[in-house]
Amino acid sequence: MPNALEDRLLSGAARAAARERFAATPSGRERPGRYWKVDLDALDLDLSTFSPDAGSVRIENPHPRAIVCELRAAAAEHGALLARAFGVTGAAETKFGALATAFAGLGAFVYVPADAACDEPIVITYSVPAGAAVFPSTIVLLERGARATVLERFEGGDGAFVCGTVEVVASERAHATLASLQTLAEDARILTTRTAKPHRDATVAFATADLGASLAAGEVKVSIEHPGARAEISTLFFPRGNQHVDIVSTVDHRVGQSTSDTVVKSAATDRGQARYLGNIRIAAHAQGSDASLRDDALLLSKNAHIDSVPALEIAANDVKAFHGATVGALDLDAIFYIESRGIPRGAAERMVTLAFFEPAIERFPTEGLREELRAALAAKLP
Amino acid sequence: MSDQGLRVTNLHAGVAGNEILKGIDLTIEPGKVHALMGPNGSGKSTLAFSLAGHPLYQVTQGSATLDGEELLGLSADKRARAGLFLSFQYPAAIPGVKVANFLHAARQAVRPGDLTPSKFRAMLFEKMDSLGMDPTFMGRYLNDGFSGGEKKRLEMLQLAVLAPKYAILDETDSGLDVDALKDVGESVAALRASAEGQQAGFLIITHYPRILQHITADVVHVMIDGRIVKTGGAELANLIEREGYDAIREESGAVA
């Protein structure tokens, strides 16, 4: 069944509808201004050249108890399982999620049966050919009590355009960790939409690092509709040169007795530009919700700019909601303290900058990946 | 050798164009403990920061040499590598930098490659043990969420690990209870007793004489209004204990 994806999940009409939704839906992002130069509602895109199967995916470290395969193979061989997660968490409702859905085909499916644990990360690497437009979908379905860690990587992509989705369905007591490391060429563009629905007592943790691409626009949204569910969102990005990064995270507490913890660490240097919007919504009846949002931005040059907006909408009265946001330069007292111990200024500045990211780095899986992140961040420093 | 010591000559320094130090002369010989006492605002911390190379403090005149090497004009890290150590009154908190990693980086900077990582670790745990520090300290972030006493202990641990030729302790006693004060005294004694630290010279900056019950000073200086107005032995600290700074202020004719 070479067209199982089309036959079972994504008919031509569904693709056409997604394409229309892309055209009709506003991005919801701020307009270009004094600092930010990219209009996300008027990207230079030629949809007539797009096709669902550009690019390639490599899957490493599949777990013996899990099903891990390419998206089209999953549609053919595990269609009923795939249908329980594909398109069910709302990724296609956003502008760029709709575009990714219209051209979906490349991708990977991870299924973990009840109570199985895949703690060693399953690694899904999207290789993006130069100049290509690719539309990767990573679909994760965990049964009750299952655990899985999935690491997505995006590599290559000189001048490429990537528009992808991640959808996660975590059944009762399941625990899903979705990490992403984006190190595309610095003239690539990437738009991602990540959505999840954790069931009762399930946890979904997203950890995303955007270090490459000229434009990286990401949306992460966890909709909590069952008590005991937990969302963790960790994001780090570091635009330099003319890189632009625009991230929106949303945790929607639609029922009470649920928790969320969002940590965002960003820095910008040169003429790097970034925007972050952190939405926390707690519905009127979602009593007993506990939400935390910590968002810190570090400006390393006078032409770098980061707009950081925490947006809390809290309609319930018996909740815990914390938010803290800072935008600032390097702490000169900290630099002097380190220098006074014999460490030269440049090394002291690197130490303080890397340390700044550490609370977000810590939330990525495996020490190997954390070391890779530290090295990739250090390589971006002057 | 005549150029041995931390020698400060006619040092004038200040912040943002305001002169705070108005000609300081001071020589700390190897192996000696000098106490620098004085009321708040007399310029004691300015002297410490000026010697350590804080960029906000400008030296306008004078010199400061460490065993013959001119410090002024060197960046702070080079002064530390020359053998100078400053124990901060208010050490900076640096979340994200682990104590163990920082101490290793600092030791490497000051004494490159003199200890293998395993020997460094062994030395570190021995020093921590002698300071009564819990090993979990090593995994904590530098001064982040530390109590006042914990911060001072970490300064003393760095003193032990870096084993400088000359150490300035800027009000290390402030805010400490008697037990912690005793620990500071023992840290200084331990360094002086070690092979690395036998020849170390100390400048103990303090507002209150009580620290000097735990560290015996060879020489006591009193600073008022940016000048050293009196120098004597340990008995000078006792005088200040009894009578405060007013008597010395009047005697020296300094403007109150």
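Residues numbered from 1 in each chain as written. Chains lettered and ligands numbered in written order. Predicted model: local features only at pLDDT ≥ 70, side-chain atom pairs only at ≥ 80, totals over all residues. Heavy atoms only, no water.

Once that is clear, we can look at the overall build of chain B. Secondary structure summary: chain B contains eight helices and 12 strands in total. Taken over C-alpha atoms, the radius of gyration comes to 18 Å for chain B, in line with the 18 Å a tight globule of 256 residues would show. Projected onto its principal axes, the C-alpha coordinates of chain B cover approximately 55 × 40 × 35 Å. Expressed as a percentage of its 256 residues, the buried residues of chain B come to 52%. Total accessible area on chain B is roughly 10,900 Å²; 50% of this is exposed by carbon and sulfur atoms. Of the side-chain charges in chain B, 25 are positive and 31 negative, and the distance between the mean point of each set is 4 Å. (Helix = DSSP H or I, 4+ residues; strand = E, 2+ residues; numbered from the N terminus. Rg over C-alpha atoms; globule rule 2.2 N^0.38 Å. Buried < 20%, exposed > 50% of the residue type's maximum accessible area, 1.4 Å probe, protein only. Areas by Shrake-Rupley, 256 points an atom, 1.4 Å probe, with all protein chains shown as cover. Lys, Arg positive; Asp, Glu negative; His and termini not counted. Charge placed at Lys NZ, Arg CZ, Asp CG, Glu CD.)

Facing the 30 residues of chain B at the interface are 17 residues of chain A. Buried surface at the junction of chain B and chain A, summed over both partners, amounts to about 1,800 Å²; 68% is from carbon and sulfur atoms. Linking chain B to chain A there are one salt bridge. Note that R341 of chain A is salt-bridged to E155 of chain B, the shortest N-O span being 2.7 Å. At the junction of chain B with chain A, the criterion picks out eight residue pairs in polar contact (both at pLDDT 80 or more). Only α1 (44-52), α2 (76-82), β6 (84-87), β7 (94-98), α3 (99-110), β8 (141-142) and α5 (148-162) of chain B provide two or more residues apiece to the side of chain B that touches chain A. When residues in the side of chain B that touches chain A are grouped by element, the largest group, five residues, is from α3 of chain B. Its residues placed into classes, the side of chain B that touches chain A shows 21 nonpolar, six polar and three charged. (Contact = heavy atoms within 4.5 Å. Buried area = accessible area lost by both parts, 1.4 Å probe. Salt bridge = Lys/Arg side-chain N within 4 Å of Asp/Glu carboxyl O. Polar contact = N/O pair within 3.5 Å; in protein donor to acceptor, adjacent residues only side chain to side chain. Nonpolar A, V, L, I, M, F, W, Y, C, P; charged D, E, K, R; others polar.)

The next subject is the packing of aromatic side chains. Within a pair of aromatic rings, the relevant descriptors are the distance that separates the centres and the angle that separates the planes. Taken as a whole and assessed by the stated rule, the structure comprises 16 aromatic pairs over all chains. Taking the centre distance of 5.7 Å and the plane angle of 10° together, the rings of F50 of chain A and F161 of chain A count as stacked. Note that F50 of chain A is positioned in the loop between α2 (12-24) and β1 (56-60) and F161 of chain A in strand β8 (residues 161-170), a separation of 111 residues in sequence. Residue F50 of chain A is classed as buried on the basis of its relative accessible area of 11%. The class for F161 of chain A is buried, based on a relative accessible area of 4%. Taking 4.9 Å as the distance between ring centres and 65° as the angle between the ring planes, the aromatic pair formed by Y337 of chain A and F88 of chain B counts as edge-to-face. (Phe/Tyr/Trp six-rings, centres within 6.5 Å; stacked < 30°, edge-to-face > 60°.)

Further remarks concern the layout of surface pockets. Residue and element names in this part refer to chain A. The calculated volume of the largest pocket comes to roughly 590 Å³. Around the largest pocket, the lining is made up of 35 residues, and of these G28, R29, E30, V248 and L277 lie nearest the centre. Among the elements of the structure, α5 (95-102), β10 (189-198), β12 (215-224), β14 (244-253), β16 (273-282) and β18 (305-314) are those that each provide at least two residues to the lining of the largest pocket. Counting residues per element, the lining of the largest pocket draws most heavily on β16, at seven residues. Counted by class, the lining of the largest pocket contains 12 nonpolar, 11 polar and 12 charged residues. (1 Å grid on protein atoms, 1.4 Å probe; cavity = no way out; pocket = protein on both sides within 12 Å on 5 of 7 lines; lining within 4 Å. Points joined across faces, edges and corners; volume = space filled by probe spheres on them.)

Here we come to the sheet that holds strand β2 (residues 18-28) of chain B. Residues and elements named next belong to chain B. Ordered by their spatial adjacency, four strands build an open sheet running β2-β1-β4-β5, and the pairing between neighbours is antiparallel. Each edge of the open sheet carries a strand with a single partner, namely β2 and β5 (69-70). Here strand β1 (residues 6-15) pairs with strand β4 (residues 57-66) via eight bridges, running antiparallel. What sits directly across from A13, in β4, is V59. Against the sheet, α1 contacts β1, β2 and β4, and its axis sits at roughly 75° relative to β2. (Pairing = 2+ DSSP bridges. Axes fitted to C-alpha atoms, helices over the stretch in contact; angles between N-to-C directions.)

What follows is about the pattern of salt bridges. Per the counting criterion, the structure on display carries 42 salt bridges over all chains. One salt bridge in this structure joins K230 of chain B and E251 of chain B, with 2.8 Å as the shortest N-O distance. Of this pair, K230 of chain B sits in strand β12 (residues 227-232) while E251 of chain B sits in helix α8 (residues 246-252); the two residues are 21 residues apart in sequence, bridging distant segments of the chain. A single salt-bridge network, built from bridges that share partners, covers E358, E367, R370, E371 and R374 of chain A.

In this section: the packing of helix α6 (residues 332-339) of chain A against helix α7 (residues 345-361) of chain A. The packing of two helices is summarised by the inter-axis angle and the distance between the axes. Residue and element names in this part refer to chain A. At a minimum axis separation of 9 Å, α6 and α7 run at an interaxial angle of 125°. Considering their axes alone, α6 and α7 lie oblique with respect to each other. By crossing handedness, the relation of α6 to α7 is classed as right-handed. Across the interface between the two elements, L332, A334, I335, I338 and E339 from α6 touch R345, A348, E349, M351 and V352 from α7. (Parallel < 35°, antiparallel > 145°, perpendicular 65-115°, else oblique. Left-handed = near helix turned anticlockwise from the far one by under 90°.)

Shape descriptors only; they carry no functional weight alone.
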